[in-house]
Amino acid sequence: MSTIAIVLSLLMLMYFAYRGISVLILAPIMAALAVILSGDFSLMAPIYTETFMGALGNYLLKFFPVFLLGALFGQLIADSGAASSIAHWFMRILGPKHAILTVVLACGALTYGGVSLFVVAFAIYPIAKVMFYKAGIPKRIIPGAIALGAFTFTMTALPGTPAIQNAIPIPYYQTNVFAAPGLGIIGALVMFVFGWLWLASRANKAVANGEGYGNHNDGVEFENVEEHNAMPVLLAFSPLILVIALNALLTYIVFPNADLSAVTAKFPSLVPAKNIGLWSIIISLIVSCLWLIVIAWKRWQDLAGTINKGSLGSMLPAFNTASEVGYGAVIASLAGFALIKEFVLGVAPGNPLISEAVAMSALAGITGSSSGGLSIALQTLGADYLRLAVEHGINPELLHRVAVIAAGGFDTLPHCGAIITLLSICGLNHRQSYANIAMVTITGPVLAVATVIILGTLFGSF
């Protein structure tokens with residue numbers, strides 16, 4: 001009965017999330033439902049206060065600084081004019097004829113530099129619709145192009161990306177954001193090339209059929225797109241380059257060669273290897289935020305407002321994900337989870353990478369969140385996968401990269417909040433645009449994770 005209760009609560013979590021109910025309230029309610037149906041009604045209160053809130057609190061202790069600084073960095077990029085400058089630079093270089101590639105590369109550059117995908121969508125859409133209109137490409141393809149650039153290869157595959165998804169496995173596997181860089185680049189290329197070719201083929205077919213941009217009440221003139229408050233392009237790119245370069249410097253040179261004996265003496269229970277990756281991201285984002293403030297000092301119309309908006313913007317994503325982690329901890333504490341765990345770990349027993357990919361994909365799909373699914377899976381199964389990796393001689397860096405890429409696949413099922421928001425920004429619906437979104441954000445990552453698993457199994461991590 002406990003196993004049935006877990007499955008039922010997962011399905012209801014997915015259904016109500018699709019209906020627009022916040023995970024903040026859904027997660028504890030669905031966790032309580034699973035407890036009640038499992039026959040542990042008397043334990044519901046202590047399970048909530050000790051298990052659910054304990055896991056939620058521990059998650060925020062580890063990752064809230066990354067959420068906070070990432071959201072602040074993204075807001076600073078947007079309000080400084082840097083995001084607009086970068087997007088227009090790509091538009092000038094490639095032109096409307098290459099509208100799809102322009103949108104993908106602009107979104108990719110911004111998200112790889114640490115800008116929130118929601119900020120990117122808002123910043124790029126006004127430019128994208130003008131380019132697509134001039135090129136005669138249907139507007140319904142715009143969400144797919146934005147999703148390919150913002151939701152796929154720069155979020156999960158490219159080494160060094162400061163996306164929260166790439167940071168989550170660090171304390172579980174003692175890795176860093178540059179884990180398995182060669183395989184990450186290959187996985188990114190698979191996603192990028194497949195997605196670009198797919199969208200280009202859809203656009204070419206539509207143009208051949210004479211479809212055109214379509215009739216949409218966009219409420220703007222299409223002839224010109226002004227560069228509001230844009231900064232010089234080299235200056236605009238500098239914070240994006242800084243966050244990646246400084247992260248690499250701290251990860252590979254500074255911390256590995258530093259004497260951390262004073263740290264371990266002060267905090268005896270602290271394992272530096274588990275935290276170096278997170279420390280590097282946090283420091284890199286802090287320095288990059290300060291750099292942005294300095295280089296755009298004369299451009300700020302309301303710096304305090306930008307800082308407040310970015311800080312507040314971190315709260316909902318952080319607590320949503322933390323609530324999902326709390327839900328996962330409750331599920332893992334139930335008797336029925338032992339059967340689910342045995343089943344998942346039994347998938348391809350000779351290769352834990354396949355089992356890990358299945359677990360990450362399934363939970364990301366159910367929660368509609370790559371970070372949420374990844375967090376739940378690692379909270380409940382991370383130690384088991386690390387043990388299996390040691391037994392099979394698999395480098396934890398390979399575990400890290402497979403987990404992150406896999407979590408970035410089925411997270412974009414129709415109930416995904418990011419997809420619903422993207423379609424809303426573009427003024428389109430699932431029927432018009434979801435098929436293209438699914439091809440580039442589900443099929444592409446599935447092909448990428450399969451490629452990485454095959455190469456990793458044959459040649460190891462590189």
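Residues numbered from 1 in each chain as written. Predicted model: local features only at pLDDT ≥ 70, side-chain atom pairs only at ≥ 80, totals over all residues. Heavy atoms only, no water.

The name an unreviewed UniProt entry gives the protein chain is GntP family permease, with Pelistega europaea as the organism.

## A word on the overall build of the protein chain
Our working definition: Each helix is a run of H or I in the DSSP string that is no shorter than four residues. Each strand is a run of E no shorter than two, and both are numbered from the N terminus. Values of the radius of gyration come from C-alpha atoms, whereas the globule rule sets the reference at 2.2 Å times the count of residues to the power 0.38. Classification of residues uses two cut-offs on accessible area relative to the type maximum, computed with a 1.4 Å probe and protein chains only: under 20% is buried, over 50% is exposed, and between them is partly exposed. Whether two residues are in contact is decided by their heavy atoms: any pair within 4.5 Å suffices. Accessible areas in this description were obtained via Shrake-Rupley with a 1.4 Å probe; residue shielding takes into account the shown protein chains only. Residues scored as positive are Lys and Arg, those scored as negative are Asp and Glu, and His as well as the terminal groups of each chain are ignored. Positions of charges follow a simple convention, taking NZ of Lys, CZ of Arg, CG of Asp or CD of Glu.
Counting its secondary structure elements, the protein chain contains 22 helices and zero strands. By the compact-globule yardstick of 23 Å for 462 residues, the protein chain fits well, its C-alpha radius of gyration being 22 Å. Overall, the C-alpha framework of the protein chain stretches about 65 × 55 × 45 Å when taken along its three principal axes. When each of the 462 residues of the protein chain is scored for burial, the buried share is 55%. Here the contacts in the protein chain between residues at least 6 apart in sequence split such that 83% fall between residues at least 24 apart. Accessible surface computed for the protein chain: about 18900 Å², of which carbon and sulfur atoms make up 67%. One finds the centroid of the 19 positive side-chain charges in the protein chain at a distance of 7 Å from the centroid of its 18 negative side-chain charges.

## Side note on the nonpolar core
Where we set the bar: Take the buried Ala, Val, Leu, Ile, Met, Phe, Trp, Tyr and Cys residues and link them wherever side-chain atoms come within 4.5 Å; each set so joined is a nonpolar core.
Membership of the largest hydrophobic core comes to 149 residues, with the highest contact counts inside it found for I77, L110, I124, F132, I146, Y327 and Y385. With 14 residues, the single largest contributor to this core is helix α3 (residues 44–80). Setting aside chain neighbours within four positions, we find I77 in contact with A82, A83, L110, V115, P239, L240 and L292.

## Quick word on the environment of A438
Counting through the fold element by element, A438 comes out in helix α22 (residues 430–459). The class for A438 is buried, based on a relative accessible area of 16%. A C-alpha to C-alpha distance of 9.8 Å links A438 and L148, two positions 290 residues apart in sequence.

## Notes on the pattern of salt bridges
For clarity, the cut-off: Every case where a carboxyl oxygen of Asp or Glu lies within 4 Å of a side-chain nitrogen of Lys or Arg is listed as a salt bridge.
Enumeration over the complete set of coordinates arrives at four salt bridges. The shortest N-O distance in the salt bridge between E211 and R140 comes to 2.9 Å. Separated by 71 residues along the polypeptide, E211 in the loop between α11 (181–208) and α12 (233–254) and R140 in the loop between α6 (117–135) and α7 (142–151) bring together distant segments of the chain. Given a relative accessible area of 38%, E211 falls into the partly exposed group. Between K341 and D384 there is a salt bridge, and its shortest N-O distance comes to 3.0 Å. In this pair, K341 sits in helix α17 (residues 337–345) while D384 sits in helix α19 (residues 370–391), placing the two residues 43 residues apart along the sequence. Among the charged side chains, a salt-bridge network with shared partners connects K341, D384, R387 and E391.

## Some points on the packing of aromatic side chains
Describing an aromatic ring pair means giving the distance of the ring centres and the angle of the ring planes. Threshold: Only the six-membered ring of Trp is used, alongside the rings of Phe and Tyr, when aromatic pairs are assigned; centres must lie within 6.5 Å, and planes under 30 degrees apart are stacked while those over 60 apart are edge-to-face, with the rest tilted.
Tallied over the full model, the rule gives 12 aromatic pairs. Both rings, one in W89 and one in F237, keep their centres 5.5 Å apart while their planes meet at 85°; by these two values the pair is edge-to-face. Of the two residues, W89 is situated in helix α4 (residues 82–94) and F237 in helix α12; the sequence distance between them amounts to 148 residues. The partly exposed category is assigned to W89, whose relative accessible area is 29%. Taking 5.5 Å as the distance between ring centres and 80° as the angle between the ring planes, the aromatic pair formed by Y133 and Y213 counts as edge-to-face. A residue pair is termed long-range when its members are at least 10 positions apart, and Y133 in helix α6 and Y213 in the loop between α11 and α12 qualify at 80 residues.

## Digging into the side chain of S280
With respect to the helices and strands, the residue S280 is situated in helix α14 (residues 272–295). Residue contacts for S280: discarding those within four places in its chain leaves N247, L250, T251 and F255.

## So, the confidence of the model for the protein chain
Basically, it comes down to this: Per residue, pLDDT measures the predictor's confidence, with a range of 0 to 100.
Considering every residue of the protein chain, the mean pLDDT works out to 89; 97% of them sit at 70 or more. When the criterion is pLDDT under 50, residues 219–225 qualifies, and its contacts beyond four places in sequence or with other chains add up to 11 contacts.

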